[in-house]
Amino acid sequence: MAFNPDNYGLRLFVRYLVLCLIALIFIFPLVFMINSSFKPDSQLLADTSSLRAFLPVGDISLNNYFGAFRRAPVGLFVLNSVLVTGATVLLSLLICSLAAFSFAFLRWKGRDVVLSIVIATLIIPFETIAIPLLLLVSKLPWIGLDGLHWGWLNTYRVQIIPWIADGLTIFLFVQYFKGLPGELIEASRVEGASWWQVYCRVVMPLSGPVLATAAILKFLVMYNQYLWPLIVVQQENYRPVMVGLGYFFQLNVAWGEVMAYLTLITVPVLIFYLFLQRAFIASIASTGVKG
């Protein structure tokens with residue numbers, strides 16, 4: 001069949017039209033949330049029955065944002081979540097990539113069995129291990145600047161360390177590493193490079209796409225943590241944003257303040273995603289990976 005530029009242009013137009021429609025469906029909740037955060041509760045509830053809910057019309061002000069900061073320490077909660085999430089993502093990328101490197105390139109007894117066990121952990125619901133894990137971390141020792149302490153409750157480390165390694169991130173790295181050209185690894189070893197040098201100078205510079213993918217997935221999981229921080233953190237100084245959301249449902253619920261709080265805590269997610277999106281595209285362009 002001969003190439004028809006008219007049909008190609010029509011197919012391309014339809015494709016982009018469908019993609020735009022899908023994007024609008026996903027962006028509507030964000031538009032509703034942001035616009036509602038500027039409206040008083042009476043107008044917010046009245047506008048939900050019409051398209052005015054998606055438009056910045058009516059009595060627009062920043063009162064809900066001021067009220068959100070009065071009701072809860074929003075800045076502290078965002079800082080806690082960014083700190084916990086950022087530390088977990090960085091440590092997870094390091095530890096999981098090292099584990100995946102050993103599974104993909106090193107030969108050792110029981111390697112495939114251990115990898116199968118790691119992947120099998122994906123089917124275990126967190127709720128089944130929450131209480132045993134809580135009992136464990138409540139009795140673990142920790143050596144700090146002021147001496148030895150027992151128990152990790154009400155700390156940052158209890159929100160970070162249990163989530164550093166996970167089966168999904170390791171599996172993503174393993175699958176990506178297995179797709180890299182084996183000739184590069186063999187050539188590096190022939191030239192006398194150690195396995196650590198192969199990891200740092202050959203494998204990781206080519207792993208931009210999987211690093212970005214794993215970072216995004218880990219960031220979303222950690223930033224949206226609710227159950228685990230709820231049961232291990234009782235002090236306000238260490239609470240993340242999702243636990244802080246409960247402050248807005250005590251006594252009288254102000255929906256405008258809820259929308260303002262949700263808008264504020266969404267900003268770090270968007271910034272992180274946009275940053276990694278640029279890094280993801282740049283890494284694909286530099287490595288020549290297609291997909």
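Here the structure is a predicted model, which means the values were calculated and not measured.

1. What to know about the packing of aromatic side chains
All chains considered together, the criterion is met by 20 aromatic pairs. For the pair F28 and F54, a centre-to-centre distance of 5.1 Å together with 45 degrees between the ring planes defines the contact as tilted. Here F54 lies in the loop between α2 (41–47) and α3 (63–71) and F28 lies in helix α1 (residues 5–36), a separation of 26 residues in the sequence. Since its relative accessible area comes to 41%, F28 is described here as partly exposed. In this structure F54 comes out as partly exposed when scored by relative accessible area, which is 29%.

2. Examining the nonpolar core
Judged by nonpolar contacts, the single largest core of 44 residues is most densely connected at F173, F177, V203, V241 and Y261. Elements that contribute at least two residues to this core include exactly α4 (74–105), α5 (111–120), α8 (167–178), α10 (195–203), α11 (208–223), α13 (241–244) and α14 (255–287). Top contributing element to this core by residue count: α4, with 11 residues. When near neighbours in sequence (up to four residues on either side) are disregarded, F177 contacts S97, A100, F101, A104, F105, V203, M204 and S207. Within the second largest apolar cluster, 15 residues are counted, among which are V84, F126, I160 and W228.

3. Brief notes about the pattern of salt bridges
A complete count under the given rule lists 5 salt bridges for this structure. The shortest N-O distance in the salt bridge between K39 and D47 comes to 3.2 Å. We classify K39 as buried; its relative accessible area is 1%. Residue class for D47 comes out buried when judged on its relative accessible area of 5%. Linking R111 and D112 is a salt bridge whose minimum nitrogen-to-oxygen distance equals 3.6 Å. Through salt bridges with shared partners, a single network forms among K39, D47 and R52.

4. Brief notes about the side chain of T263
Along the chain, the position of T263 falls in helix α14. Not counting residues up to four positions away in its chain, the partners in contact with T263 are M33, I34, S37 and Y65.

5. Quick word on unusual backbone geometry
With phi around 60 degrees, N154 is a residue other than glycine that occupies positive phi space. Tracing the chain through its elements places N154 in the loop between β2 (147–150) and α7 (157–160). Overall, the relative accessible area of 18% leaves N154 in the buried class.

6. Remarks on the UniProt feature "transmembrane region" (unreviewed entry) in the chain
Per the UniProt record, the feature "transmembrane region" (unreviewed entry) sits at residues 12–34, 82–106, 113–136, 156–177, 198–221 and 258–276. Along residues 12–34, the helical share is 100% and the strand share 0%, with 32 Å between the first and last C-alpha atoms. Secondary structure within residues 156–177 divides into 68% helix and 0% strand; the distance between the first and last C-alpha atoms comes to 32 Å.

What counts and how
- Position labels on residues start from 1 in each chain and follow its written sequence.
- Under the rules for a predicted model, residues below a pLDDT of 70 receive no local features and side-chain atom pairs below 80 are neither given nor counted, while totals for whole chains, interfaces and linings still include all residues.
- Excluded from the side-chain calculation are hydrogens and water; included are all heavy atoms of the structure.
- Ring pairs shown here join Phe, Tyr and Trp side chains whose ring centres sit within 6.5 Å, with only the six-membered ring taken for Trp; geometry is labelled stacked below 30 degrees between planes, edge-to-face above 60, and tilted in between.
- Runs of E in the DSSP output that reach at least two residues are strands. Runs of H or I that reach at least four are helices, and both are numbered from the N terminus.
- A simple rule labels every residue: compare its accessible area, found with a 1.4 Å probe on the protein chains alone, to the largest value its type can have, and call it buried under 20%, exposed over 50%, or partly exposed in between.
- Among buried residues, those of type Ala, Val, Leu, Ile, Met, Phe, Trp, Tyr and Cys that are joined through side-chain atoms within 4.5 Å constitute a nonpolar core.
- Whether two residues are in contact is decided by their heavy atoms, any of which lying within 4.5 Å being enough.
- We count a salt bridge whenever a side-chain nitrogen from Lys or Arg sits within 4 Å of a carboxyl oxygen from Asp or Glu.
- UniProt positions are given in the numbering used here, feature names are shortened, and annotations may be inferred rather than shown by experiment.

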